[in-house]
Amino acid sequence: MMREEVVMLCTSDIAGQIRGKGFPASDLAARLAKGIGWTPTNIMISAHGAIAPSPWGALGDLVIKPDPATRVRVDFGSDQAAEHFIMGDLCHMDGTPWPVCPRGFLKRVIEAIETRHGLKEKASFEHEFIYEAVEERPNASYALDAFRRQNLFAETYLGALKAAGLTLDTFMPEYGPMQYEVTVGPTIGVTAADQAVAVREIARAVACRMGSRVSFTPILRPDAVGNGVHVHFSLVDAGTGAAVNHDSHHPQGISARAGSFIAGMLAKLPAITAVTAGAAISYLRLTPNRWSAAYNNLGFRDREAGVRICPVFATEEAQVAKQYHFEYRAADAAASPYLALGAILAAGLFGLDRKLPLPKVCKGAPQNMSTAQLKAMDIERLPQSLGAALDLFEAESDLTESFGTELKSAYLAHKRFEAEMMAKLTPEEQCEKYRRVY
Ligand code: GLU
Ligand code: MG
């Protein structure tokens, strides 16, 4: 039988979904030049299907302009379809960027950090997810047996990630029911978010070829531990590529520049959780004693901190400086990686622009500290619902320039619609809906 391979040209949208249009692989060269048509209102399609009130209605046309560097092609053998997709930027018909495009937003913020401060960001996304083919068993946490039960999934998944050009790091059974974790190596600029898309979509592609599915839902059930997306990041000099995060004179090793960047992030963390943790059930995960993040605190090797200073596997200064980095923990895969990284970097940029002083490192669990102690450290509890997070995001104005007013208002309209839809359901019903979507 004649077969024609199909390439999907995709965008990552406000709902954190990858949507796009396909074309025959034989047209690849032509499509790389001209892209494919798209509709503004598509970005208002919520995670659960219904379309949020759209400022564009049925009007307008856009084009998805592919970035060939993002092309993923994984061969699953002759009896299975190949997985072949490319990520692109949403542009007006004349090729100029559409200001609401999540990938375009991240690129703008990256460019601003480089032009204003001569710095580039290096990042990688650590993902947790559920593999539905394994049975739920007690005490499977980190267990060799839990690794074994996923059988060929991990081998095929890592092989496919490698084929897509990602640097492999780890794969492990995690603490939660049916939960696994995957990490890949860091990259500079927008590539880190492109690779987060690849990590999620290739996991889905492999599970699907095996007759099952994975879910990156923020939390499987209200009583479970969450599926976090931890964004590891550091800053490098844009000219030399040298790391600029470490200062051996600081007790926990933070340099002044990294300190300003982190201080901006901590100050804006309660507002940007609306973007980095954008599902109604994200707020079941962002609670104390779940090893996620419940406060905007900076922790030294603390797995409950909003931002964590990560451990370094070296003692020699040159190696320490190279490895020393931070981790933003209040994110999950309901967020487009472009929006999540863009929001985190926009907050960091705010800190750099204002030359904010080094933040204080929080020692101990904020939930055990008094109100006065928290206030002295500038620590706040993160918002406890999507609605509360959106209120903070709407009211905060320092980041509006980075987001742009059109993206910000589209995001708010989209997510308020989702929050209202979810408010009619019990937490258990919400979890079930999100499990099936992500
Ligand atoms: N599952 C935790 C979360 O929701 C993270 C556990 C870990 O530190 O890897 O973020
Ligand atoms: Mg983990």
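The paragraphs below set out a description of the structure included in this document. (Residues numbered from 1 in each chain as written. Chains lettered and ligands numbered in written order. Predicted model: local features only at pLDDT ≥ 70, side-chain atom pairs only at ≥ 80, totals over all residues. Heavy atoms only, no water.)

## Digging into the coordination of the magnesium ion (ligand 2)
Our working rule: Coordinating N, O and S atoms are those within 2.8 Å of the metal (3.2 Å for Na, K and Ca), and as water is not part of the atoms, a site may appear to have fewer donors than expected. Numbering goes from the N terminus for both helices and strands, where a helix is a DSSP run of H or I of at least four residues and a strand is a run of E of at least two.
Coordination of the magnesium ion (ligand 2) by the protein comes from Glu128 (OE), Glu174 (OE) and Glu181 (OE), over a distance range of 1.9 to 2.0 Å. For the magnesium ion (ligand 2), the donor residues sit on a single chain with the sequence spacing E-x45-E-x6-E. Residue glutamate 128 is found in strand 7 (residues 119-131), and its partner glutamate 174 is found in the loop between strand 8 (168-173) and strand 9 (179-184); the two are separated by 46 residues along the sequence.

## So, the nonpolar core
So the rule is basically this: Among buried residues, the Ala, Val, Leu, Ile, Met, Phe, Trp, Tyr and Cys ones that are joined through side-chain atoms within 4.5 Å form a nonpolar core. Remark: exposure states derive from per-residue accessible area (1.4 Å probe, protein chains only) relative to the maximum for the residue type, with buried under 20%, exposed over 50%, and partly exposed in between. Pairs of residues are marked as contacts when any of their non-hydrogen atoms sit within 4.5 Å.
Within the largest apolar cluster, 133 residues are counted, with the highest numbers of intra-cluster contacts made by Phe153, Tyr157, Ile202, Val307 and Tyr328. Leaving out residues up to four positions away in the same chain, isoleucine 202 has contacts with Val72, Val74, Tyr157, Ala160, Leu161 and Ala164. Listed in part, the six residues of the second largest apolar core include Ala294, Tyr295, Met369 and Leu374.

## Focus on the layout of surface pockets
How we decide: Both cavities and pockets are sets of points on a 1 Å grid over the protein atoms alone; in a cavity a 1.4 Å probe fits but cannot get out, in a pocket the set is open with protein on both sides within 12 Å along at least five of seven lines, and lining residues sit with an atom within 4 Å of a point. Grid points are joined across faces, edges and corners, and a volume is the space filled by probe spheres set on the points. Charged means Asp, Glu, Lys or Arg here, nonpolar means Ala, Val, Leu, Ile, Met, Phe, Trp, Tyr, Cys or Pro, and polar covers whatever is left, Gly included.
Reported here for the largest pocket is a volume of approximately 1,000 Å³. If you go around the largest pocket, you meet 44 residues; those closest to its centre are Glu126, Thr183, His232, Arg308 and Glu327. Elements with a contribution of two residues or more to the lining of the largest pocket: strand 7, strand 8, strand 9, strand 12 (229-237), helix 8 (317-323) and strand 15 (326-331). Grouping the constituent residues of the lining of the largest pocket by class yields 16 nonpolar, 15 polar and 13 charged. Forming the boundary of the second largest pocket are 20 residues, of which Ile18, Glu83, Phe85, Glu201 and Arg204 lie nearest the centre. Counting residues per element, the ones that place at least two in the lining of the second largest pocket are strand 1 (6-12), strand 2 (18-24), strand 6 (83-91) and helix 5 (191-209). Looking at which element gives the most residues to the lining of the second largest pocket, the answer is helix 5, with five residues.

## With respect to unusual backbone geometry
Despite not being glycine, arginine 301 has its phi angle at roughly 55°, a positive value. Here arginine 301 lies in the loop between strand 13 (298-300) and strand 14 (307-309). Relative accessible area serves as the criterion here: at 45%, arginine 301 is assigned to the partly exposed category. For aspartate 378, which is not a glycine, the phi torsion comes out positive at approximately 60°. The topology assignment puts aspartate 378 in the loop between helix 10 (371-376) and helix 11 (386-395).

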